[in-house]
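A look at the structure
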Amino acid sequence: MSIDRTVVTSFLAGARRGPERRVADADLERLPAPVRRYVQYTGAAGTAVPATVRMQQRGTIRQGPGRRWNTFAAEEYFTTDPGGFLWIAKARTSPFMSATVVDRYQGGTGRMTVQVMGRLTVADDGSPEMNASSLVRYLNELMWIPAALATAPIAWEAVDDHTARATLRDGPNTATGTFHVDGEGRLTNFTASRYRQAGRGRPSLQSWSVPVSDFGERAELRLPARAEGTWSTEKSDFTYVRLYADVIDYNVPAPF
(Lines give C-alpha, C1' and ligand atoms only; values in the text may rest on other atoms or scores of the structure.)
Protein backbone atom coordinates (compact mmCIF):
# COMPACT_ATOMS: atom_id res chain seq x y z
CA MET A 1 0.00 0.00 0.00
CA SER A 2 1.46 3.34 -1.06
CA ILE A 3 1.15 6.05 1.60
CA ASP A 4 2.99 9.21 2.55
CA ARG A 5 5.54 7.92 5.06
CA THR A 6 6.34 11.43 6.27
CA VAL A 7 2.82 11.61 7.75
CA VAL A 8 3.48 8.46 9.76
CA THR A 9 6.94 9.59 10.86
CA SER A 10 5.57 12.95 12.03
CA PHE A 11 2.77 11.25 13.98
CA LEU A 12 5.11 8.81 15.74
CA ALA A 13 7.51 11.62 16.62
CA GLY A 14 4.85 12.96 18.97
CA ALA A 15 5.21 10.01 21.35
CA ARG A 16 6.82 10.73 24.71
CA ARG A 17 9.37 8.20 25.86
CA GLY A 18 9.72 8.50 29.61
CA PRO A 19 10.75 5.89 32.19
CA GLU A 20 9.38 2.40 31.56
CA ARG A 21 5.93 1.85 33.07
CA ARG A 22 4.81 -1.70 33.79
CA VAL A 23 1.41 -3.06 34.72
CA ALA A 24 1.64 -3.53 38.49
CA ASP A 25 -0.58 -5.42 40.92
CA ALA A 26 -1.99 -2.08 42.07
CA ASP A 27 -3.08 -1.32 38.50
CA LEU A 28 -4.95 -4.62 38.30
CA GLU A 29 -6.59 -4.13 41.69
CA ARG A 30 -8.20 -0.85 40.66
CA LEU A 31 -9.77 -2.41 37.55
CA PRO A 32 -13.32 -3.81 37.55
CA ALA A 33 -13.28 -7.60 37.54
CA PRO A 34 -14.14 -8.03 33.82
CA VAL A 35 -11.34 -5.73 32.66
CA ARG A 36 -8.89 -7.32 35.09
CA ARG A 37 -9.75 -10.72 33.58
CA TYR A 38 -9.17 -9.34 30.10
CA VAL A 39 -5.74 -7.89 30.93
CA GLN A 40 -4.73 -11.16 32.56
CA TYR A 41 -6.12 -13.23 29.67
CA THR A 42 -4.04 -11.29 27.15
CA GLY A 43 -0.89 -11.85 29.20
CA ALA A 44 -0.31 -8.12 29.69
CA ALA A 45 -0.04 -8.24 33.50
CA GLY A 46 3.50 -7.23 34.44
CA THR A 47 4.40 -6.09 30.92
CA ALA A 48 5.58 -2.62 29.90
CA VAL A 49 3.28 -0.05 28.34
CA PRO A 50 4.50 0.46 24.76
CA ALA A 51 5.18 4.04 23.69
CA THR A 52 4.16 3.28 20.11
CA VAL A 53 2.22 0.53 18.36
CA ARG A 54 1.84 -0.26 14.69
CA MET A 55 -0.65 -2.60 13.00
CA GLN A 56 -1.42 -4.02 9.58
CA GLN A 57 -5.05 -4.84 8.87
CA ARG A 58 -7.15 -6.17 6.01
CA GLY A 59 -10.83 -6.65 5.53
CA THR A 60 -13.95 -5.32 3.85
CA ILE A 61 -15.74 -1.99 4.19
CA ARG A 62 -18.86 -0.34 2.77
CA GLN A 63 -20.38 3.13 2.70
CA GLY A 64 -23.97 2.38 3.65
CA PRO A 65 -26.69 -0.24 4.10
CA GLY A 66 -27.23 -2.18 0.90
CA ARG A 67 -23.98 -0.92 -0.62
CA ARG A 68 -21.38 -3.32 -1.95
CA TRP A 69 -18.50 -4.50 0.21
CA ASN A 70 -15.04 -3.33 -0.87
CA THR A 71 -11.76 -4.91 0.15
CA PHE A 72 -9.23 -2.75 1.98
CA ALA A 73 -5.73 -2.87 3.42
CA ALA A 74 -4.77 -0.58 6.28
CA GLU A 75 -1.94 0.50 8.51
CA GLU A 76 -2.65 1.90 11.95
CA TYR A 77 -0.26 3.60 14.37
CA PHE A 78 -0.76 4.49 18.04
CA THR A 79 0.97 6.60 20.66
CA THR A 80 0.06 6.00 24.29
CA ASP A 81 1.47 9.22 25.79
CA PRO A 82 -0.20 11.30 24.59
CA GLY A 83 -2.93 8.97 23.41
CA GLY A 84 -3.59 9.06 19.69
CA PHE A 85 -3.97 7.01 16.52
CA LEU A 86 -3.40 7.30 12.80
CA TRP A 87 -5.33 4.94 10.48
CA ILE A 88 -4.54 4.89 6.77
CA ALA A 89 -6.62 2.56 4.60
CA LYS A 90 -6.84 2.02 0.88
CA ALA A 91 -10.06 0.47 -0.43
CA ARG A 92 -10.69 -0.84 -3.93
CA THR A 93 -14.03 0.72 -4.85
CA SER A 94 -14.14 -0.57 -8.43
CA PRO A 95 -11.80 -2.37 -10.86
CA PHE A 96 -10.39 1.01 -11.90
CA MET A 97 -10.79 3.18 -8.80
CA SER A 98 -9.55 3.26 -5.22
CA ALA A 99 -10.14 5.47 -2.19
CA THR A 100 -7.72 6.36 0.59
CA VAL A 101 -9.12 7.04 4.06
CA VAL A 102 -7.02 8.79 6.71
CA ASP A 103 -8.53 8.84 10.19
CA ARG A 104 -6.53 10.31 13.05
CA TYR A 105 -6.62 11.63 16.60
CA GLN A 106 -3.70 13.62 17.93
CA GLY A 107 -3.37 16.50 20.37
CA GLY A 108 -7.08 16.42 21.20
CA THR A 109 -8.08 16.82 17.55
CA GLY A 110 -9.75 14.25 15.33
CA ARG A 111 -9.95 14.42 11.55
CA MET A 112 -10.97 12.09 8.76
CA THR A 113 -10.31 12.63 5.06
CA VAL A 114 -11.21 10.55 2.02
CA GLN A 115 -9.46 10.90 -1.32
CA VAL A 116 -10.31 9.18 -4.58
CA MET A 117 -7.40 8.01 -6.73
CA GLY A 118 -5.03 9.87 -4.40
CA ARG A 119 -6.01 13.28 -5.78
CA LEU A 120 -9.65 14.28 -5.31
CA THR A 121 -10.77 14.93 -1.73
CA VAL A 122 -14.40 13.85 -1.36
CA ALA A 123 -14.66 14.12 2.44
CA ASP A 124 -12.84 16.13 5.09
CA ASP A 125 -14.31 16.19 8.59
CA GLY A 126 -12.50 18.09 11.32
CA SER A 127 -15.59 19.09 13.28
CA PRO A 128 -15.77 19.27 17.09
CA GLU A 129 -17.94 16.15 16.95
CA MET A 130 -15.09 14.35 15.19
CA ASN A 131 -12.81 15.16 18.13
CA ALA A 132 -15.14 13.35 20.51
CA SER A 133 -15.86 10.53 18.06
CA SER A 134 -12.16 9.88 17.51
CA LEU A 135 -11.47 9.68 21.24
CA VAL A 136 -14.19 7.01 21.53
CA ARG A 137 -12.41 5.06 18.81
CA TYR A 138 -9.10 5.40 20.65
CA LEU A 139 -10.70 4.14 23.88
CA ASN A 140 -12.07 1.11 22.06
CA GLU A 141 -8.78 0.33 20.33
CA LEU A 142 -6.92 0.16 23.62
CA MET A 143 -8.14 -3.45 23.40
CA TRP A 144 -5.00 -3.96 21.30
CA ILE A 145 -2.84 -2.30 23.97
CA PRO A 146 -4.05 -3.92 27.21
CA ALA A 147 -1.11 -2.60 29.25
CA ALA A 148 -2.22 0.93 28.35
CA LEU A 149 -5.84 0.02 29.08
CA ALA A 150 -4.77 -1.01 32.59
CA THR A 151 -2.68 2.08 33.32
CA ALA A 152 -4.36 4.93 31.41
CA PRO A 153 -6.21 7.62 33.46
CA ILE A 154 -9.57 5.95 32.86
CA ALA A 155 -12.44 6.31 35.31
CA TRP A 156 -13.93 2.82 35.66
CA GLU A 157 -17.42 1.87 36.74
CA ALA A 158 -18.29 -1.75 37.39
CA VAL A 159 -21.63 -2.73 35.83
CA ASP A 160 -21.73 -6.48 36.47
CA ASP A 161 -19.39 -9.46 36.28
CA HIS A 162 -19.17 -9.23 32.50
CA THR A 163 -19.33 -5.50 31.75
CA ALA A 164 -17.52 -2.36 32.87
CA ARG A 165 -17.97 1.25 31.81
CA ALA A 166 -14.90 3.38 31.03
CA THR A 167 -14.61 7.16 30.81
CA LEU A 168 -11.50 8.75 29.33
CA ARG A 169 -10.92 12.51 29.25
CA ASP A 170 -8.42 14.27 27.02
CA GLY A 171 -8.53 18.04 27.31
CA PRO A 172 -12.05 19.16 26.39
CA ASN A 173 -12.96 15.75 24.95
CA THR A 174 -14.64 12.92 26.83
CA ALA A 175 -15.17 9.34 25.66
CA THR A 176 -17.34 6.79 27.43
CA GLY A 177 -17.78 3.16 26.42
CA THR A 178 -18.57 -0.25 27.85
CA PHE A 179 -16.25 -3.24 27.64
CA HIS A 180 -17.94 -6.67 27.52
CA VAL A 181 -15.84 -9.63 28.69
CA ASP A 182 -16.71 -13.32 28.97
CA GLY A 183 -15.96 -15.56 31.93
CA GLU A 184 -12.63 -16.68 30.51
CA GLY A 185 -11.41 -13.11 30.07
CA ARG A 186 -11.94 -12.64 26.33
CA LEU A 187 -13.27 -9.30 25.18
CA THR A 188 -16.48 -9.95 23.24
CA ASN A 189 -17.74 -6.44 22.48
CA PHE A 190 -17.32 -2.72 23.02
CA THR A 191 -20.39 -0.47 22.97
CA ALA A 192 -20.73 3.30 23.08
CA SER A 193 -22.59 6.32 21.78
CA ARG A 194 -20.51 7.91 19.04
CA TYR A 195 -20.98 10.71 16.54
CA ARG A 196 -21.65 9.52 12.99
CA GLN A 197 -21.64 11.54 9.81
CA ALA A 198 -24.42 10.12 7.65
CA GLY A 199 -25.34 12.26 4.66
CA ARG A 200 -25.46 16.02 4.81
CA GLY A 201 -25.76 18.08 7.97
CA ARG A 202 -24.14 17.77 11.37
CA PRO A 203 -23.02 14.41 12.77
CA SER A 204 -25.48 12.77 15.14
CA LEU A 205 -24.98 10.48 18.14
CA GLN A 206 -25.69 6.84 17.38
CA SER A 207 -25.10 3.55 19.12
CA TRP A 208 -21.82 1.96 18.03
CA SER A 209 -20.47 -1.51 18.74
CA VAL A 210 -17.29 -3.42 17.96
CA PRO A 211 -17.87 -7.15 18.46
CA VAL A 212 -14.72 -9.29 18.63
CA SER A 213 -14.91 -12.81 17.22
CA ASP A 214 -11.39 -14.21 17.36
CA PHE A 215 -8.09 -13.92 19.22
CA GLY A 216 -4.54 -14.71 18.16
CA GLU A 217 -0.95 -14.25 19.22
CA ARG A 218 0.19 -10.74 18.40
CA ALA A 219 3.11 -8.84 19.99
CA GLU A 220 3.65 -11.90 22.24
CA LEU A 221 0.17 -11.44 23.72
CA ARG A 222 -3.29 -12.89 23.07
CA LEU A 223 -5.04 -10.03 21.32
CA PRO A 224 -8.20 -9.56 19.24
CA ALA A 225 -7.68 -10.77 15.68
CA ARG A 226 -11.12 -10.24 14.12
CA ALA A 227 -13.58 -7.43 14.80
CA GLU A 228 -16.47 -5.59 13.19
CA GLY A 229 -17.85 -2.07 13.40
CA THR A 230 -21.63 -1.62 13.58
CA TRP A 231 -23.89 1.42 13.81
CA SER A 232 -27.34 0.90 15.35
CA THR A 233 -30.51 2.94 15.24
CA GLU A 234 -34.03 2.23 16.44
CA LYS A 235 -34.81 0.92 12.96
CA SER A 236 -31.81 -1.20 12.03
CA ASP A 237 -28.20 -2.23 12.50
CA PHE A 238 -25.56 -1.43 9.90
CA THR A 239 -22.21 -3.25 9.91
CA TYR A 240 -19.80 -1.16 7.88
CA VAL A 241 -16.40 -2.76 8.44
CA ARG A 242 -15.00 -6.25 9.05
CA LEU A 243 -11.29 -6.42 9.77
CA TYR A 244 -8.53 -8.85 10.54
CA ALA A 245 -5.44 -7.73 12.45
CA ASP A 246 -2.51 -9.31 10.59
CA VAL A 247 0.45 -7.77 12.43
CA ILE A 248 0.86 -5.85 15.69
CA ASP A 249 4.28 -4.51 16.70
CA TYR A 250 5.11 -2.74 19.95
CA ASN A 251 7.78 -0.06 20.23
CA VAL A 252 8.77 -0.02 16.57
CA PRO A 253 8.50 3.75 15.97
CA ALA A 254 8.75 3.61 12.19
CA PRO A 255 6.40 3.13 9.25
CA PHE A 256 5.96 -0.35 7.78
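Refer to the structure above for everything that follows.
The shown structure was predicted, so the numbers you read here are calculated from the model rather than taken from an experiment.

Conventions used here
Residues numbered from 1 in each chain as written. Predicted model: local features only at pLDDT ≥ 70, side-chain atom pairs only at ≥ 80, totals over all residues. Heavy atoms only, no water. 1 Å grid on protein atoms, 1.4 Å probe; cavity = no way out; pocket = protein on both sides within 12 Å on 5 of 7 lines; lining within 4 Å. Points joined across faces, edges and corners; volume = space filled by probe spheres on them. Helix = DSSP H or I, 4+ residues; strand = E, 2+ residues; numbered from the N terminus. Nonpolar A, V, L, I, M, F, W, Y, C, P; charged D, E, K, R; others polar. Phe/Tyr/Trp six-rings, centres within 6.5 Å; stacked < 30°, edge-to-face > 60°. Core = buried A, V, L, I, M, F, W, Y, C linked by side-chain atoms within 4.5 Å. Buried < 20%, exposed > 50% of the residue type's maximum accessible area, 1.4 Å probe, protein only. Contact = heavy atoms within 4.5 Å. Pairing = 2+ DSSP bridges.

Let us look at the layout of surface pockets. As a volume, the largest pocket reaches approximately 1,300 Å³. Together, 48 residues line the largest pocket, and Ile 61, Val 101, Met 112, Val 114 and Tyr 240 are the ones closest to its centre. No other element matches helix α4 (residues 128–141), which puts six residues into the lining of the largest pocket. The residue inventory of the lining of the largest pocket, partitioned by class, reads 25 nonpolar, ten polar and 13 charged. Along the wall of the second largest pocket there are 26 residues; nearest its centre are Val 49, Pro 50, Thr 80, Asp 81 and Thr 151. The set of elements that each furnish at least two residues to the lining of the second largest pocket consists of α4, α5 (146–151) and β8 (163–170). Sort the elements by how many residues they give to the lining of the second largest pocket and β8 lands first, with three residues. Looking at the lining of the second largest pocket, its residues break down into 14 nonpolar, five polar and seven charged.

This part is about the packing of aromatic side chains. Applying the stated criterion across every chain, the model contains ten aromatic pairs. Judged by centre distance (6.0 Å) and plane angle (50 degrees), the ring pair of Tyr 77 and Phe 256 falls under tilted. Residue Tyr 77 is located in strand β2 (residues 70–80), and its partner Phe 256 is located in the segment after β14 (237–250); the two are separated by 179 residues in the primary sequence. Arranged with centres 6.1 Å apart and planes meeting at 25 degrees, the rings of Trp 231 and Tyr 240 form a pair that is stacked.

As a rule of thumb, soluble globular proteins bury nonpolar side chains together. The biggest cluster of nonpolar side chains holds 61 residues, and the ones touching the most others in it are Phe 72, Leu 139, Trp 144, Ile 154 and Trp 156. The contacts of Trp 156, once residues within four sequence positions are left out, are Arg 30, Leu 31, Pro 32, Val 35, Leu 149, Ala 164, Arg 165, Ala 166 and Phe 179. With six residues, the next largest nonpolar core counts Val 8, Tyr 77, Leu 86 and Ile 88 among its residues.

Attention shifts here to the pairing of strand β5 (residues 109–116). As paired strands, strand β4 (residues 97–106) and β5 are joined by eight bridges and run antiparallel to one another. Pairing of Ala 99 across the sheet is with Val 116, part of β5. Between β4 and β5, which follow one another and run antiparallel, lie two residues, and Gly 107 among them has a positive phi close to 60 degrees. Sheet analysis places β5 next to strand β6 (residues 120–125), joined by five bridges and oriented antiparallel. Paired with Met 112 across the strands is Asp 125, a residue of β6.

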